[in-house]
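Summary of the model geometry
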Amino acid sequence: MRSVKSSIDKQIDYGVLLPVFLLSIIGMVSYYVALVHDDRVQNVTRLMIQQGMWYVLGGVVIFVIMQFSPKMIWRLTPIGYGVGLAVMTALLFFYDTVLADRTGSKNWFRFGSLTFQPAELMKIAFILMLAYIVTRHNVTYQKRTEKSDWLLIGKMILATIPVALLLKLQDDFGTMLVFIAILGGMVIMSGISWKIIVPIVGTFFVLGVGVLFLVTTDGGREFLYSVGFKSYQFARIDSWIDPFHDPTGNSYQQAQALKAIGSGGIFGKGFNQTEIFVPVRESDMIFSVIAENFGFIGSLFLIILYFILIYRMIRMCFDTNNEFFTYIATGIIMMILFHVFENIGMNIGLLPLTGIPLPFVSQGGSAILSNMIGVGLIMLMRYQYSSGKDLQSMN
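Note that this is a predicted model, so its numbers are computed, not measured.

**Thoughts on the packing of helix H6 (residues 118–140) against helix H7 (residues 146–169)**
Where H6 meets H7, the axes come as close as 10 Å, and the angle between the chain directions of the two elements is 165°. With respect to their mutual orientation, H6 and H7 come out roughly antiparallel. As for how H6 packs across H7, the hand of that crossing is right-handed. For the pair formed by H6 and H7, the contact residues are Ala119, Met122, Phe126, Leu130, Ile133, Val134 and His137 on the first element and Ser148, Leu151, Leu152, Lys155, Met156, Ala159, Thr160, Val163 and Leu167 on the second. In terms of residue class, the contact of H6 with H7 is built from 12 nonpolar, 3 polar and 1 charged.

Following this line, the structure appears as structure tokens:
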């Protein structure tokens, strides 16, 4: 019995699972506070049960994925990527019109009272596909050259273009940024020469400065309108530049979030002590609930949990002897890290509002499920490392 328990312990990284569990508890507590103080919510109990079931399902998913053979993950990756593209294409015709009118994005299916966002699961399929591409390329080109590196970049961009086009058609710019962050992290970690990476990073920096110039000038905005930018996107940028320029209109959400966060002080007002209404507080602005109720100390504790989670995942990248899973972990780390940075950043006014949820905390079953699948893949990698299996070749 003791040997069985020891074997199970080797398969489980509690340094990953404990932060995820605590973040889920924080998510349920914060979600409850957001619902109770929203006059539009009529059935708090039903929504809490629904959210709790997503966490339970996520836990089951982690356990199931740990039972997978890594070779099976390898073989299913191209199929999963193709199915993901097909589902996102179907979304263009069968999206939820109510949410599309409310948010401006056509990125949800509706099944009765439940909504589902395929792009969240597509993030995992995309990470797997990029890991698959990089691993196969490195096996083929064991002697790296600038030519082979450019070829690898081309392959990764080809895998990104269909996803980017579908997200553009769905008017989901925020989610597109997540995919770009994943791509960037995978490119940097794929062994591509810095002679190529440095100019690419420099080019993106110049483009970023150029876009910032365009959105802050009248002539630049006219140009961006002509290439497809929407009024609500400019409204978010204006709210970012000056959150209090229109505190009862377009910048209301940003201004209210800053007031709520500031009012929490060092120790917060206490559990369920919310005095400032913030729109969409249960999802995008969930951090404002934590900051108002538990203050700077509670917010710092949340960030430390994310730090521990990311640190443990990075350690696994160095521990594993499997290249494919190393790249998978890289993509998952970039996904979670970008979500945390962007969500907290937009809550405190550091970044524009983009509709990016806080991992394991914000409302949203599809986002929770996506993050839990990522954790399951990390745990699978942990199991393979602890069992001493070298699965470098999975063809």
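**Description of the confidence of the model for the chain**
Mean pLDDT for the chain: 86, with 94% of residues reaching 70 or above. Helix H1 (residues 2–11) is the least confidently modelled element of the chain, averaging 51 in pLDDT, while H6 averages 94, the highest of any element. Low pLDDT, under 50, characterises residues 1–6; the stretch is placed with 0 contacts to residues that sit more than four places away or in other chains. Throughout residues 387–393 the model reports pLDDT below 50, and contacts reaching past four residues in sequence, or to other chains, amount to 11 contacts.

**Thoughts on the environment of Ile197**
Relative to the elements of secondary structure, Ile197 occurs in helix H9 (residues 194–215). Measuring from C-alpha to C-alpha, the distance between Ile197 and Leu353 comes to 29 Å, with 156 residues separating the pair along the chain. Look past the residues within four positions of Ile197 in its chain and what remains in contact with it is Val187, Ile188 and Ile192.

**Section: the nonpolar core**
In a soluble, globular protein the nonpolar side chains are often hidden away together inside. Membership of the largest hydrophobic core comes to 90 residues, with the highest contact counts inside it found for Met156, Leu302, Phe324, Ile328 and Leu377. Not counting the four nearest positions on each side in its chain, Ile328 is found in contact with Ile127, Leu128, Ala131 and Leu377. In this structure, Ala257, Ile276, Val278 and Met346 belong to the second largest nonpolar core, which totals 7 residues.

**Side note on the layout of surface pockets**
Of the volumes computed, that of the second largest pocket is approximately 530 Å³. Contributing to the lining of the second largest pocket are 22 residues, with Gly80, Ile124, Ala125, Leu128 and Ile373 lying nearest its centre. Sorting the residues of the lining of the second largest pocket by element identifies helix H3 (44–66), helix H4 (70–94), H6 and helix H15 (365–386) as the ones contributing at least two each. For the lining of the second largest pocket, the leading source of residues is H4, giving 8 residues. Partitioned by chemical class, the residues of the lining of the second largest pocket number 19 nonpolar, 3 polar and no charged.

**Some remarks on the packing of aromatic side chains**
In this structure the tally under the stated criterion is 5 aromatic pairs. Their ring planes at 90° and their centres at 5.7 Å tell us that Phe324 and Phe325 sit as a pair that is edge-to-face. The same class applies to Phe324 and to Phe325, which are both buried. Grouping aromatic residues by their ring pairs yields a cluster made of Trp74, Tyr132, Phe324 and Phe325.

Cut-offs applied
- Residues numbered from 1 in each chain as written.
- Predicted model: local features only at pLDDT ≥ 70, side-chain atom pairs only at ≥ 80, totals over all residues.
- Heavy atoms only, no water.
- Axes fitted to C-alpha atoms, helices over the stretch in contact; angles between N-to-C directions.
- Helix = DSSP H or I, 4+ residues; strand = E, 2+ residues; numbered from the N terminus.
- Parallel < 35°, antiparallel > 145°, perpendicular 65-115°, else oblique.
- Left-handed = near helix turned anticlockwise from the far one by under 90°.
- Contact = heavy atoms within 4.5 Å.
- Nonpolar A, V, L, I, M, F, W, Y, C, P; charged D, E, K, R; others polar.
- pLDDT = per-residue confidence, 0-100.
- Core = buried A, V, L, I, M, F, W, Y, C linked by side-chain atoms within 4.5 Å.
- Buried < 20%, exposed > 50% of the residue type's maximum accessible area, 1.4 Å probe, protein only.
- 1 Å grid on protein atoms, 1.4 Å probe; cavity = no way out; pocket = protein on both sides within 12 Å on 5 of 7 lines; lining within 4 Å.
- Points joined across faces, edges and corners; volume = space filled by probe spheres on them.
- Phe/Tyr/Trp six-rings, centres within 6.5 Å; stacked < 30°, edge-to-face > 60°.

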